[in-house]
Amino acid sequence: MSHLVGSAIVHAEVDDSWAVTSLECAKGLVRVDRRQGLTRVVVGDTHDSVAGMHEPPAFSAAAFTSDGEFIVVARRSPPAIAMDPTGSRITPAGGATLDSEYPEPGRRFLLLSCAAFEDLPEFLATGLERSPSELISRDAEDLLLCIFADHERGAGAVIDRLPPRPLGELNT
């Protein structure tokens, strides 16, 4: 499901294990690709929106499986921000370019393009320090709209690990 909010494109997809909400502003790109139990999300900027056009493109990407594995890759771009009710951290950390985990339901990941990260609003920085539970419980689209409210460039995605559905609600 996609729709416009101002000049931004907001897109949401949900499956049995994961929900992806993304926002693209001017010069921002988000690609979501699903196939055979694997979903890939790539967040970046258009080539002409960042310095060093002769260099390979910068991007953050996440891939996740129907069995719950989550892999994040950062190539010359900001790492993902992993959040749960007790706190937040960056992933991959320590200069690594790849990280893999099996997050518990309720974990949220935020990927931002370089242009968006450069304009990171104060509320997100203070929210990560003081109230990660607020950022976890906030509607994903609303969170992205708040992040991009003061600027309109770049892209971002929120990826939520969903709790298992009760047996009567499973798709057959």
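The structure we're discussing is the one just above.
This structure is a prediction, so every number in the text was calculated from the model and none was measured.

1. What about the overall build of the protein?
Turning to step 1, where the next piece is worked out: Scanning the protein from N- to C-terminus turns up four helices and twelve strands.
Turning to step 2, where the next piece is worked out: Across the 172 residues of the protein, 44% fall into the buried class.
Turning to step 3, where the next piece is worked out: Long-range pairs, those at least 24 residues apart, make up 57% of the contacts in the protein between residues at least 6 apart in sequence.
Turning to step 4, where the next piece is worked out: Just so you have it, the protein exposes about 8,900 Å², and 56% of that area is on carbon and sulfur atoms.

2. Describing the pairing of strand β3 (residues 18-24)
Turning to step 1, where the next piece is worked out: The element β3 is extensively covered by neighbouring structure, given that seven of its seven residues are classed as buried.
Turning to step 2, where the next piece is worked out: Here β3 shows two buried faces, one formed by W18, V20, S22 and E24 and the other by A19, T21 and L23.
Turning to step 3, where the next piece is worked out: Judged from the six bridges that link them, strand β2 (residues 8-14) and β3 form a sheet pairing that is antiparallel. What sits directly across from E13, in β3, is V20.
Turning to step 4, where the next piece is worked out: Here β2 folds back onto β3, and the loop between the two strands holds three residues.
Turning to step 5, where the next piece is worked out: Judged from the seven bridges that link them, β3 and strand β12 (residues 155-161) form a sheet pairing that is antiparallel. Residue A19 lies in a different strand from β12, and its bridge partner there is D160.

3. Here we look at unusual backbone geometry
Turning to step 1, where the next piece is worked out: In this chain, T91 is followed by P92 through a cis amide linkage whose omega measures 0 degrees.
Turning to step 2, where the next piece is worked out: Structurally, P92 is set in the loop between β9 (87-91) and β10 (98-101).
Turning to step 3, where the next piece is worked out: Residues other than glycine seldom take positive phi values, yet R76 does so here, at roughly 55 degrees.
Turning to step 4, where the next piece is worked out: Counting through the fold element by element, R76 comes out in the loop between β7 (70-75) and β8 (80-84).

4. Focus: the pattern of salt bridges
Turning to step 1, where the next piece is worked out: Counted according to the given criterion, the structure contains eleven salt bridges.
Turning to step 2, where the next piece is worked out: Through salt bridges with shared partners, a single ionic network connects D84, R89, E101 and R107.

What counts, and at which threshold
- Residues numbered from 1 in each chain as written.
- Predicted model: local features only at pLDDT ≥ 70, side-chain atom pairs only at ≥ 80, totals over all residues.
- Heavy atoms only, no water.
- Helix = DSSP H or I, 4+ residues; strand = E, 2+ residues; numbered from the N terminus.
- Buried < 20%, exposed > 50% of the residue type's maximum accessible area, 1.4 Å probe, protein only.
- Contact = heavy atoms within 4.5 Å.
- Areas by Shrake-Rupley, 256 points an atom, 1.4 Å probe, with all protein chains shown as cover.
- Pairing = 2+ DSSP bridges.
- Salt bridge = Lys/Arg side-chain N within 4 Å of Asp/Glu carboxyl O.

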